[in-house]
Amino acid sequence: MVIDEATLKEVEELKKDCIVLAHNYQIPEIQDVADFIGDSLGLCRAAQRVDKPYILFCGVDFMAESAAMLNPDKTVLMPDLEAHCPMAAQLPAKLVREAREEHPDAAVVLYINTRLEARAEADVICTSANAVKIVKALPEKKIIFGPDANLAWHVQRHVKDKEIIPVPAKGHCITHLLFKPEHVEKAREEHPDAEVLIHPECTPEVQLLADYICSTEQMVKRARESSATEFIIGTEVGLIYRLQKEFPDKKFYPLYEKAVCRTMKMNTWEKFLTQLRERKNVVRVEPKIAERALLSLERMLELSK
Ligand code: 13P
Ligand code: SF4
């Protein structure tokens, strides 16, 4: 969609007291006006540096809640407050408490894609970019890890001396579950010179066929640093827009063009504009839960420096 000049001017004016943070899966129109685009880790770090009173967070609930916890004196807004990540709903806090009781000697590492009530039970949070690093940094040899069992598998593959216990046993992202080994085989046949970059939310069968396992931001970094000129992108299709824009001389092919996260796409241009103008969709975090959840988030930021 082409946004007219007058609207773009209005957006610039409205952004004078509001920073726009956007995840890599957001629609092109939002990416084009965002102040910062990144992965879950990059967005947390960006949220630590905000110097305006408002943050319009274009992503899903757990990301905006992290920004809100890191900025208690600022107003965090979302284009759509109903943008709840379905994976985050797979791990109720009760399940974390039960796992702790069952494995009292284990540390609890939770993927940032988790509801706040569960995150309040964690020792430390991680993202796809730093999960291996965080688990390695802990003294415990046993790790309760949730909710993504595929990311847990990726961590176990790189941390052989620890036992990773996935909780729940089969937590997953419905979007990344769409990728199948056949997609990789077909894409490699069609683009034999391309590097295959796969997100660790994909199944082990798909991960095993990758050249590199990357978070979304690590895919951008790989595209920048690699001498390859073609890439097969095994994550939600929204990232392709950013990659093609930043590296116009390279080519990016979606591993599967139907891998669209419906929740991320709930943030339409119209809803974005409405919130920039009206500022009503305020992200609220329950103070008692936020206080505990912030500790595990801050520990992650400290450990992944
Ligand atoms: P990253 O952008 O942190 O790799 O995460 C992907 C994702 O699924 C976020 O919901
Ligand atoms: Fe959640 Fe998957 Fe969508 Fe990310 S891509 S927000 S993990 S459903």
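Bear in mind the structure is a predicted one, so any value in this text is a computation, not a measurement.

**Description of the packing of helix α1 (residues 5-14) against helix α13 (residues 269-278)**
Here comes step 1: Packing of α1 against α13 leaves a shortest axis separation of 10 Å and a crossing angle of 45°. By the angle between their axes, α1 is oblique relative to α13. With respect to the hand of their crossing, α1 and α13 are arranged in left-handed fashion. Taken together, the residues of α13 that come into contact with α1 (itself represented by Thr7, Glu10, Val11 and Leu14) are Trp269, Leu273, Leu276 and Arg277.
Here comes step 2: Here the contact of α1 with α13 is composed, by residue class, of five nonpolar, one polar and two charged.

**Brief notes about the site of ligand 2**
Here comes step 1: What surrounds ligand 2 is the set Tyr25, Val60, Cys85, Pro86, Asn113, Cys173, Glu201, Cys261 and Met264.
Here comes step 2: Most atoms of ligand 2, that is more than half of them, are within 2 Å of grid points of the largest cavity.
Here comes step 3: Class assignment for the residues of the shell around ligand 2 results in seven nonpolar, one polar and one charged.

**Let's talk about the pattern of salt bridges**
Here comes step 1: Applying the stated criterion across every chain, the model contains 24 salt bridges.
Here comes step 2: In this structure, Glu121 and Arg292 form a salt bridge, with 3.4 Å as the shortest nitrogen-oxygen distance. You can see Glu121 sitting in the loop between α6 (116-119) and β6 (124-126) and its partner Arg292 sitting in helix α14 (residues 287-303), a full 171 residues away along the chain.
Here comes step 3: On the basis of relative accessibility, which here comes to 41%, the residue Arg292 falls in the partly exposed class.

**Digging into the packing of aromatic side chains**
Here comes step 1: Across all of its chains, the model carries three aromatic pairs by this definition.
Here comes step 2: Between Phe231 and Phe252, the aromatic rings sit 5.4 Å apart at their centres with planes inclined by 15°, giving stacked as the arrangement. In this pair, Phe231 sits in strand β11 (residues 230-234) while Phe252 sits in strand β12 (residues 251-254), placing the two residues 21 residues apart along the sequence. Assigned by exposure class, Phe231 and Phe252 land together as buried.
Here comes step 3: Its end group placed over the ring of Tyr54, Arg279 keeps NZ or CZ at 4.6 Å from the ring centre.

**What about the sheet that holds β12?**
Here comes step 1: On the basis of which strands lie adjacent, the open sheet formed by four strands has the order β10-β9-β11-β12 and parallel pairing. The strands lining the two open edges of the sheet, one partner per strand, are β10 (212-213) and β12.
Here comes step 2: Across four bridges, β11 lies against β12 in parallel orientation. Of the residues in β12, the one forming a bridge with Phe231 is Phe252.
Here comes step 3: Sheet contacts for helix α12 (residues 238-246): β11 and β12; angle to β12, the most-contacted strand, approximately 175°.

Reading the values: the criteria
Residues numbered from 1 in each chain as written. Chains lettered and ligands numbered in written order. Predicted model: local features only at pLDDT ≥ 70, side-chain atom pairs only at ≥ 80, totals over all residues. Heavy atoms only, no water. Axes fitted to C-alpha atoms, helices over the stretch in contact; angles between N-to-C directions. Helix = DSSP H or I, 4+ residues; strand = E, 2+ residues; numbered from the N terminus. Parallel < 35°, antiparallel > 145°, perpendicular 65-115°, else oblique. Left-handed = near helix turned anticlockwise from the far one by under 90°. Contact = heavy atoms within 4.5 Å. Nonpolar A, V, L, I, M, F, W, Y, C, P; charged D, E, K, R; others polar. Near = heavy atom within 4 Å. 1 Å grid on protein atoms, 1.4 Å probe; cavity = no way out; pocket = protein on both sides within 12 Å on 5 of 7 lines; lining within 4 Å. Sits in = over half its atoms within 2 Å of the grid points. Salt bridge = Lys/Arg side-chain N within 4 Å of Asp/Glu carboxyl O. Buried < 20%, exposed > 50% of the residue type's maximum accessible area, 1.4 Å probe, protein only. Phe/Tyr/Trp six-rings, centres within 6.5 Å; stacked < 30°, edge-to-face > 60°. Lys NZ or Arg CZ within 6 Å of the ring centre and 35° of its normal. Pairing = 2+ DSSP bridges.

Any functional reading would require information that these geometric values do not contain.
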